[in-house]
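# Summary of the model geometry
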Amino acid sequence: MAGSKISNFPVIQPWIKQFRIIDMPIARQLVDELSYYKTSQVFGELKSEVEKKIDGYSKVVVLPIRELINKEECYYSADNEKETPLVQSSESPLGSESFASNLIAQLSRESKKVILEHDKSPSLYMIKHRKVRALILVDDLVGSGKRVCDFLDSIIKNDEVRTLITNNEIDLHVITFMATDFGKDEVNNWRKDVGVNLVVIHKCPTFHDLKSSDTYLKLCWDYSDQKEKYPLGFKKSAVRVVFEHSAPNNLPSVFYKDVKSFKPKNNHILGLESSWKAIFSNRVVNEQFKYQISNVEYQNKKTNLRIVQELLKSVSFDDCSSVESLMNSTGFSASELKNAINVCEKLNMLRVENKKVSITNTGRSELNSLGLPKRVVVFNDEKYYPNVVG
């Protein structure tokens, strides 16, 4: 299904047409390597991990990691312990900071363990008064690790907060939806004398990880502006992730930076337009992109349902099947089969014991309700494998 590729989205075509004709095929491949994550998924998985961490404490404070106003910023005032800290550095409703703030607001409504002060992040005075035992910092992505480490530095600039942490009176945690290997190492190596516990839910995909990384990174460098400091994203992270709520600055700059007077770094590339229009201008994921990718996700959901249906039919035909035999009878790839079995097991439609898969009464009822014949589908040479975005 060619239309499922990001490079075929109508909203992407003006961006692709900015490249020379000879480079357009690589540009298409480049954008197709992006992974897109809905805010609801990031929100849900982060919330689940934070709730697990909260369980071990009587009282906690949950903070969104944000950009500092300046390098000297002290998150908790050194002069007034009753002053509440600034949670967001911007009033913008978009982006990671706002998303994390919404997460914290919901957590505080659902759990009395999560402390707020007049719907704001609590002051140092409140932290001490309510006997808070953990600071839990949340973020959607740790790319270079610099933002997280800078934010941690701003927290311990207050000597009293630092003492509480180093004396193990308050534990310090960072929970992130994603992190690059480099970013993970940076946070784990932050100030060993203080110590922070890092939880990473998913490893962040980057262009460095791909077989064609050299080709992709060269294209990003060639078509970045001559004045661009971070053509491969901040600290050369070159992530290939886009969130519904924002595009990270760790993406190569060609994806998110508009340039009015554009000149490519590779001065052998001639005949381009005098400006560059990014897909995610100013790191905003526009509504056209969201709409077009949501249509693809809907088609993929229908495809995944079909895979589950075929799996149930195959198992009902040959109960107590091995995974290997199911791969042969269905024609599914190992990853497709694993995902489908996991879904069916969670819904109590299949049972897996000793590497044997059998159908449950719930599974048989589901199969009967579909009105589908209980037979193994024979796949021919034109069998269809879905293209999944991300």
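Described in the following lines is the structure provided in the data block. On a predicted model such as this, the values are computed, not experimentally measured, just so you know. (Residues numbered from 1 in each chain as written. Predicted model: local features only at pLDDT ≥ 70, side-chain atom pairs only at ≥ 80, totals over all residues. Heavy atoms only, no water.)

## Some details on the overall build of the chain
Per the secondary structure count, the chain includes 13 helices and 9 strands. Residues counted as buried form 48% of the 390 residues belonging to the chain. Across the chain, the fraction of contacts at a sequence separation of at least 24, relative to all contacts at a separation of at least 6, is 73%. For the chain, the exposed surface amounts to about 20,200 Å²; the carbon and sulfur share of it is 48%. (Helix = DSSP H or I, 4+ residues; strand = E, 2+ residues; numbered from the N terminus. Buried < 20%, exposed > 50% of the residue type's maximum accessible area, 1.4 Å probe, protein only. Contact = heavy atoms within 4.5 Å. Areas by Shrake-Rupley, 256 points an atom, 1.4 Å probe, with all protein chains shown as cover.)

## Describing the pairing of strand β9 (residues 356-359)
With 2 bridges joining them, strand β7 (residues 321-322) and β9 adopt antiparallel strand pairing. When the sheet's bridge partners are listed, Ser321 is paired in β9 with Val357. Note: strand β8 (residues 350-353) against β9, 4 bridges, orientation antiparallel. The residue bridging Leu350 from the neighbouring strand is Ile359, located in β9. What sits between β8 and β9 in their antiparallel hairpin is a turn of 2 residues, with Asn354 showing a positive phi close to 50 degrees. (Pairing = 2+ DSSP bridges.)

## With respect to the pairing of strand β3 (residues 134-142)
Sheet faces and side chains relate simply in a regular strand, where the side chains alternate between the two faces. Burial analysis of β3 places 9 of its 9 residues in the buried class, which makes it a mostly covered element. By the bridge criterion, 5 bridges tie strand β2 (residues 60-64) to β3 in an arrangement that is parallel. Its bridge partner being in β3, Val62 is matched across the sheet by Ile136.

## Observations regarding unusual backbone geometry
Here Lys131, not a glycine, exhibits a phi torsion of approximately 55 degrees, which is positive. Within the element layout of this structure, Lys131 appears in the loop between α5 (124-129) and β3. One non-glycine residue with positive phi stands out, namely Asn354, at about 50 degrees. Tracing the backbone shows Asn354 in the loop between β8 and β9.

## Description of the packing of aromatic side chains
Under the criterion given, the structure shown has 17 aromatic pairs. Centre to centre, the rings of Phe19 and Trp276 are 5.3 Å apart; their planes meet at 90 degrees, and the pair counts as edge-to-face. Of the two residues, Phe19 is situated in the loop between α1 (13-16) and α2 (24-32) and Trp276 in the loop between β6 (241-243) and α10 (287-317); the sequence distance between them amounts to 257 residues. Chaining the aromatic ring pairs together yields one cluster made of Trp15, Phe19, Phe207, Tyr216, Tyr223, Phe255, Phe262 and Trp276. The ring of Tyr125 has Lys82 lying over it, and the distance from NZ or CZ to the ring centre is 4.8 Å. (Phe/Tyr/Trp six-rings, centres within 6.5 Å; stacked < 30°, edge-to-face > 60°. Lys NZ or Arg CZ within 6 Å of the ring centre and 35° of its normal.)

## Details of the pattern of salt bridges
It is possible for side chains bearing opposite charge to pair when their charged atoms get close. This model, assessed by the stated rule, comprises 18 salt bridges. The partner of Asp150 in a salt bridge is Lys146, and the shortest N-O contact between them spans 2.6 Å. On the criterion of helical spacing, the pair formed by Asp150 and Lys146 is a turn pair, its members being 4 residues apart in helix α6 (residues 146-156). Given the relative accessible area of 35%, Lys146 is considered partly exposed. Between Arg191 and Asp153 there is a salt bridge; the shortest N-O distance is 2.7 Å. Of this pair, Arg191 sits in the loop between α8 (181-188) and β5 (197-203) while Asp153 is found in helix α6, placing the two residues 38 residues apart along the sequence. What makes Arg191 partly exposed here is its relative accessible area of 36%. Connected via shared salt-bridge partners are Lys47, Glu51 and Glu110. (Salt bridge = Lys/Arg side-chain N within 4 Å of Asp/Glu carboxyl O.)

## Brief notes about the sheet that holds β8
Pairing within the open sheet is antiparallel, and its 3 strands lie in the order β7-β9-β8. Because the sheet does not close on itself, it has two edges, and the strands there are β7 and β8.

## Here's the deal with helix α9 (residues 213-222)
Within α9, the full set of buried residues consists of Ser213, Tyr216, Leu217, Leu219, Cys220 and Asp222. Those residues of α9 hidden inside the fold are in contact with α2.

## What about the packing of α2 against α9?
Contact pair α2 / α9: the axes reach a minimum separation of 10 Å and the direction vectors enclose 105 degrees. If you check the angle between α2 and α9, you find them roughly perpendicular. Residues Ile26, Ala27, Gln29 and Leu30 of α2 form the contact with α9, whose participating residues are Thr215, Tyr216, Leu219 and Cys220. (Axes fitted to C-alpha atoms, helices over the stretch in contact; angles between N-to-C directions. Parallel < 35°, antiparallel > 145°, perpendicular 65-115°, else oblique.)

## A word on the sheet that holds β2
Here we have 4 strands laid out as an open sheet, ordered β2-β3-β4-β5, and parallel in their pairing. Unpaired on one side and paired on the other, β2 and β5 mark the two borders of the sheet. Taken pair by pair, the neighbouring strands of this sheet meet at an average axis angle of 20 degrees, ignoring direction. Examined bridge by bridge, β3 and strand β4 (residues 171-179) share 8 bridges and lie parallel to one another. Bridged to Ala134 within β4 is Asp171. Here α6 sits on the sheet in contact with β2, β3 and β4, set at roughly 160 degrees to β3.

## Structural notes on the side chain of Lys47
By the element assignment, Lys47 lies in helix α3 (residues 39-54). In this structure Lys47 touches Leu103, Gln106, Leu107 and Glu110, once residues within four positions along its chain are discounted.

## Section: the nonpolar core
With 64 residues, the main nonpolar core has Ile12, Trp15, Phe255, Phe280 and Phe289 as its most contacted residues. Once you skip the residues sitting within four places of it in the chain, Phe255 turns out to touch Trp15, Leu30, Val31, Leu34, Phe207, Ala278, Ile279 and Phe280. (Core = buried A, V, L, I, M, F, W, Y, C linked by side-chain atoms within 4.5 Å.)

Read these as layout, nothing more, since geometry by itself doesn't imply function.
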